[in-house]
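Residue-level structural notes
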Amino acid sequence: MKEIISGFSKKSKEEKAQWLAQTFASDPEKALALFKTYTHPNPEIQEIHDEFIENTLANYYLPFAIAPNFLIDQKVYAIPMVIEESSVVAAASKAAKFWLDKGGFHTEIVGTEKVGHVHLNYFGEPKQLFAFFDAHREAFMQGLKPLSASMEKRGGGIKSLELVDKTAALDGYYHIALTFETKDAMGANFINSCLEQLAQDFRLKAQEAFKADEAPEVVMSILSNYVPNCVVRAWVRCPIEQLGYEGVEGAEFAAKFCRAVAIAQAEPYRAVTHNKGIMNGIDAVVIASGNDFRAVEAGVHAYASRDGQYRSLTKAEITPDQELHFELEIPLALGTVGGLTALHPMVKLALDLLDHPSAEDLMKITAVAGLAQNFGAVSSLVTTGIQKGHMKMHLLNLLNAEGASASEKETLTAHFKDKTVSSAAVKEALSQLRQ
Ligand code: MEV
């Protein structure tokens, strides 16, 4: 079968591209030309991208944009966002402007603790395992010192080491839970190295202390992306008479807004979409700042279900003194040193534009982007509906998909200023224009 290849990763980039184009592309010439177009002309820059992953053939561009005018804890930011969805940056910028003269955004770090586990099988007497663990706890900690020394110098390190009986959840299952402070690093490599070292020390000591067929067994060692103690809060607050959105006045707007957020608290179908809107802002900053959006996504949605039901990550209320208080609480394990932050030129620029934030600063900025996004989405939903703004922003995509020229785009953007945008309407207007 020509579709199966061995030793692929050892081939040169050109050989890989040739093989792929000849074997799988419907138009090999076109595929090869595209790989070329999406390769950076500066070989040094291209090499950085090639080496992020294996089997790189070209680059995949997403827009790098800026949402300006964010007042966060009295400091103004222009927030870098990397995202493909047309209305996201516009909505963030609009929300930033909206809150600019209402005190801006406020934030607070609730915690920065990361966590990882050595997962164990053990079917013997629990007391014996706990006695063994207690007797060696100090030695286990000492065994991690060479790895944690430099993190300790930066004020971080291992905060706790605990054996936990999980047999109520799964027969014979225990784990050693470690908590970490990783300062400005996201810390995945540090955490995983510590866990693997601990697993090795644990195995050796267990071999000495237990009979071969009774010894606890290490199943695996890995950090957790569930970080319920690495959490940031962001909020906005202002008297309801200062509110008003798309012609809906203060008190009415505040009531509709709070009701929409309450629905997302109560109903998982709505909560998922509500939180997706929050993640539009969060992911865009997480990607721009070179962080791991899959880790963030996994942890955020687990946090949204922490009481057993999936709920909104934001809360809104009208306070007794008639203010709207709107708040996001979200777990964000982010880093501003190490990983991609030291490698990707655009990530370095994004962090420079944010004034070289600490990991805590970046948690705050990112949470604000999520809160702003949610404010924009919910405000539109309870007033004009989402499609008006969304389709306006999407108009250029629709025109590009139809191959519109620059002058056609200009004419039709003006034409749709006061009309409803839809795929059919755009096709019709373009064909009229062309006749
Ligand atoms: C679209 O990307 C996001 C929204 O669906 C979010 C929401 O419904 O709150 C508009």
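What counts, and at which threshold
- Residues numbered from 1 in each chain as written.
- Predicted model: local features only at pLDDT ≥ 70, side-chain atom pairs only at ≥ 80, totals over all residues.
- Heavy atoms only, no water.
- Helix = DSSP H or I, 4+ residues; strand = E, 2+ residues; numbered from the N terminus.
- Buried < 20%, exposed > 50% of the residue type's maximum accessible area, 1.4 Å probe, protein only.
- Areas by Shrake-Rupley, 256 points an atom, 1.4 Å probe, with all protein chains shown as cover.
- Salt bridge = Lys/Arg side-chain N within 4 Å of Asp/Glu carboxyl O.
- Axes fitted to C-alpha atoms, helices over the stretch in contact; angles between N-to-C directions.
- Parallel < 35°, antiparallel > 145°, perpendicular 65-115°, else oblique.
- Left-handed = near helix turned anticlockwise from the far one by under 90°.
- Contact = heavy atoms within 4.5 Å.
- Nonpolar A, V, L, I, M, F, W, Y, C, P; charged D, E, K, R; others polar.
- Domains from an automatic or database assignment.
- Near = heavy atom within 4 Å.
- Polar contact = N/O pair within 3.5 Å; in protein donor to acceptor, adjacent residues only side chain to side chain.
- Phe/Tyr/Trp six-rings, centres within 6.5 Å; stacked < 30°, edge-to-face > 60°.
- Lys NZ or Arg CZ within 6 Å of the ring centre and 35° of its normal.
- Patch = residues over 30% accessible without salt bridge, like charges linked within 9 Å, V, L, I, M, F, W, Y side chains within 5 Å.

1. Focus: the overall build of the protein
A tally of regular secondary structure across the protein gives 14 helices and 12 strands. The dimensions of the protein, computed from C-alpha atoms along their principal axes, are 85 × 70 × 40 Å. In the protein, which comprises 435 residues, the proportion classed as buried is 44%. Element-wise, carbon and sulfur atoms account for 54% of the exposed surface of the protein, whose accessible area totals about 22,200 Å².

2. With respect to the pattern of salt bridges
Enumeration over the complete set of coordinates arrives at 16 salt bridges. Asp101 is the partner of Lys102 in a salt bridge, and the nearest nitrogen-oxygen pair spans 3.3 Å. According to the relative accessible area criterion, Lys102 is buried, its value standing at 14%. The structure contains a network of salt bridges with shared partners spanning Glu108, Arg233 and Glu327.

3. Brief notes about the packing of helix H7 (residues 250-266) against helix H8 (residues 268-288)
Packing of H7 against H8 leaves a shortest axis separation of 6 Å and a crossing angle of 115°. The angle between the axes of H7 and H8 places the two elements in the roughly perpendicular class. Classified by chirality, the crossing of H8 by H7 is left-handed. On H8, the residues that touch Val261, Ile263, Ala264 and Ala266 of H7 are Pro268, Arg270, Ala271 and His274. For the contact of H7 with H8, the class distribution of residues is 6 nonpolar, 1 polar and 1 charged.

4. Considerations on the environment of Ala359
Locating Ala359 in the fold gives a position in helix H11 (residues 359-381). Under the relative-accessibility criterion, Ala359 is labelled buried at 3%.

5. Considerations on the domain arrangement of the protein
Domain assignment breaks the protein into domain 1 (8-50), domain 2 (64-110 + 228-384), domain 3 (114-223) and domain 4 (390-434). When each unit is reduced to the centre of its C-alpha atoms, the spacing between domain 3 and domain 4 is 60 Å.

6. With respect to the site of the ligand
In the neighbourhood of the ligand, the contacting residues comprise Glu85, Arg270, Thr273, His274, Lys276, Gly277, Asn280, Ala377, Leu381 and Ile386. One nitrogen or oxygen atom from the side chain of Lys276 is found 2.7 Å from an oxygen atom belonging to the ligand. Protein burial of the ligand: of its 300 Å² of free accessible surface, 83% is covered by the chains. When contributions to the shell around the ligand are tallied by element, the ones reaching two or more residues are H8 and H11. Take the shell around the ligand: its biggest share by element is 6 residues, from H8.

7. Focus: the packing of aromatic side chains
Within the structure shown, the criterion is met by 24 aromatic pairs. Centre to centre, the rings of Tyr38 and Tyr61 are 5.2 Å apart; their planes meet at 45°, and the pair counts as tilted. Taken together, the residues Tyr38 in the loop between helix H2 (28-37) and helix H3 (43-50) and Tyr61 in the loop between H3 and strand E1 (64-72) connect sequence positions 23 residues apart. Ring centres of Phe98 and Trp99 lie 5.3 Å apart, and the angle between their planes is 70°; on these two criteria the pair is classed as edge-to-face. Each member of the aromatic cluster is reached from another via a ring pair, and the members are Tyr122, Phe130, Phe132, Phe133, Phe140, Tyr174, Phe202 and Phe210. Lying over the aromatic face of Phe8, Lys16 brings its terminal NZ or CZ to 5.8 Å of the ring centre. Stacked on the ring of Phe293, the Lys or Arg Arg294 has its end atom at 4.6 Å from the ring centre.

8. Things to note about a nonpolar patch on the surface
Where nonpolar side chains cluster on the molecular surface, the patch consists of Phe52, Ile53, Leu340 and Leu343 and spans about 340 Å² of accessible area. Residue placement: Leu343 occurs in the loop between strand E12 (323-331) and helix H10 (345-353).

9. As for the side chain of Gln46
Tracing the backbone through its elements, the reader meets Gln46 in helix H3. Ignoring anything within four residues of it in the chain, the contact list for Gln46 reads Lys13, Thr39, His40 and Asn59.

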